[in-house]
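Letter by letter, the chains look like this.
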Amino acid sequence: GGGGGGGGGGSSTTEHALRIKPDALYFPPPLDRVITNILELENCSEQRLTFKIKTTAPKRYVVRPNTACLQPRERADIEVLLNVMRDKPPTDANKCRDKFLVLWTAAPANSDNAKEIWASVNADADAHVHSRKLRCFFAEPPSGAR
């Protein structure tokens, strides 16, 4: 791979405005306890963003905050908690089908209420919403991953 050159000038894009670390969430067993992951979001742009985090298994995870606004260059640490699992989880790490979806879009300057912003975004077919999928693994993170 190699870093691409600077993109086209003029148009401010929100697509690459949000940096998300890590790109997968690892919940090392045993899963009979609450396991916390920190998801780091960083607004790399000069404009305000709002984000929202969804999961395919909302009963299993607690995400806080799951929506908020980010000022330019602001960073946020999101807590992703895996609740104690009552059903026996798959022992094969790759069998975990849970996914998280991070959605983000430009935030209007006149509103700090992320929930209100998303309500209007969902109603606006022309809104430019970007998303990134994060996979979950019931396993130790690979060595070297931070």
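Placed above this text is the structure.
Figured I'd write up the structure that's included with this text.

Cut-off values and rules
- Residues numbered from 1 in each chain as written.
- Predicted model: local features only at pLDDT ≥ 70, side-chain atom pairs only at ≥ 80, totals over all residues.
- Heavy atoms only, no water.
- Helix = DSSP H or I, 4+ residues; strand = E, 2+ residues; numbered from the N terminus.
- Contact = heavy atoms within 4.5 Å.
- Areas by Shrake-Rupley, 256 points an atom, 1.4 Å probe, with all protein chains shown as cover.
- Pairing = 2+ DSSP bridges.
- Axes fitted to C-alpha atoms, helices over the stretch in contact; angles between N-to-C directions.
- Buried < 20%, exposed > 50% of the residue type's maximum accessible area, 1.4 Å probe, protein only.
- Polar contact = N/O pair within 3.5 Å; in protein donor to acceptor, adjacent residues only side chain to side chain.
- Arc of directions from axis to C-beta.
- Core = buried A, V, L, I, M, F, W, Y, C linked by side-chain atoms within 4.5 Å.

## Overview of the overall build of the protein chain
Alright, step 1. In terms of regular secondary structure, the protein chain is built from one helix and nine strands.
Alright, step 2. The helix and strand sequence of the protein chain, counted from the amino end, reads β-β-β-β-β-β-β-β-α-β.
Alright, step 3. A separation threshold of at least 6 residues defines the contact pool for the protein chain, and within that pool the share at least 24 residues apart is 74%.
Alright, step 4. Accessible surface computed for the protein chain: about 9000 Å², of which carbon and sulfur atoms make up 48%.

## Looking at the sheet that holds strand β4 (residues 49-55)
Alright, step 1. If you trace the five strands from one edge of the open sheet to the other, you get β2-β9-β8-β4-β6, paired in mixed fashion. Looking at strand neighbours, the two that pair on one side only are β2 (24-26) and β6 (67-70), the edges of this open sheet. Shown here is a sheet whose adjacent strand axes are inclined to one another by a mean of 25 degrees, direction ignored.
Alright, step 2. Two strands pair when backbone bridges link them, and strand β8 (residues 99-106) and strand β9 (residues 130-137) are joined in this way by six bridges, in the antiparallel orientation. Counterpart to Lys99 in the pairing with β9 is Arg135.

## A word on the environment of Asn83
Alright, step 1. Turning to its location among the elements, Asn83 is positioned in the loop between β7 (75-82) and β8.
Alright, step 2. Asn83 sits in the partly exposed class, given a relative accessible area of 27%.
Alright, step 3. Each C-alpha atom, one on Asn83 and one on Arg60, is 5.5 Å from the other, the two residues being 23 residues apart in sequence.
Alright, step 4. Excluding residues that lie within four positions of it along the chain, Asn83 makes contacts with Arg33, Lys59, Arg60, Tyr61 and Val62.
Alright, step 5. Polar side-chain contacts of Asn83 include one of 3.3 Å to the backbone oxygen of Lys59.

## Quick look at unusual backbone geometry
Alright, step 1. Here Lys21 and Pro22 are connected by a cis peptide whose omega angle stands at -10 degrees.
Alright, step 2. Take Pro22: it is sitting in the loop between β1 (18-21) and β2.
Alright, step 3. Here the bond from Pro29 into Pro30 is cis, since omega is 5 degrees, no more than 30 degrees from zero.
Alright, step 4. Mapped onto the fold, Pro30 is located in the loop between β2 and β3 (35-43).
Alright, step 5. We note that Arg73 has phi near 65 degrees; this positive angle belongs to a residue other than glycine.
Alright, step 6. Take Arg73: it is sitting in the loop between β6 and β7.

## Considering helix α1 (residues 114-123)
At 3.6 residues per turn, the α-helix brings residues three or four places apart onto the same side.
Alright, step 1. Those residues of α1 not exposed but buried are Ala114, Ile117, Trp118 and Val121. Mapping the buried residues of α1 onto a view down its axis gives an arc of 95 degrees, with all of them on the same face. In α1, the exposed residues that point more than 90 degrees away from the buried face are Lys115, Glu116 and Ala123.
Alright, step 2. As for α1, its buried residues are in contact with β4, β6 and β8.
Alright, step 3. Of the residues flanking the start of α1, the one acting as N-cap is Asn113, its side-chain oxygen 3.1 Å from the backbone nitrogen of Lys115.

## Description of the nonpolar core
Alright, step 1. Counting 29 residues, the largest nonpolar core has Phe27, Leu39, Leu41, Ile53, Tyr61 and Phe100 as its most contacted members.
Alright, step 2. Those elements that provide at least two residues to this core are β1, β3, β4, β5 (61-64), β6, β7, β8 and β9.
Alright, step 3. Sorting elements by how many residues they give to this core places β7 first, with four residues.
Alright, step 4. Other than its neighbours up to four places away in sequence, Phe27 contacts Ile35, Asn37, Tyr61, Val80, Leu82, Cys136, Phe137, Phe138 and Ala139.
Alright, step 5. Ranked by size, the runner-up nonpolar core spans seven residues in total, among them Leu103, Ala114, Ile117 and Trp118.

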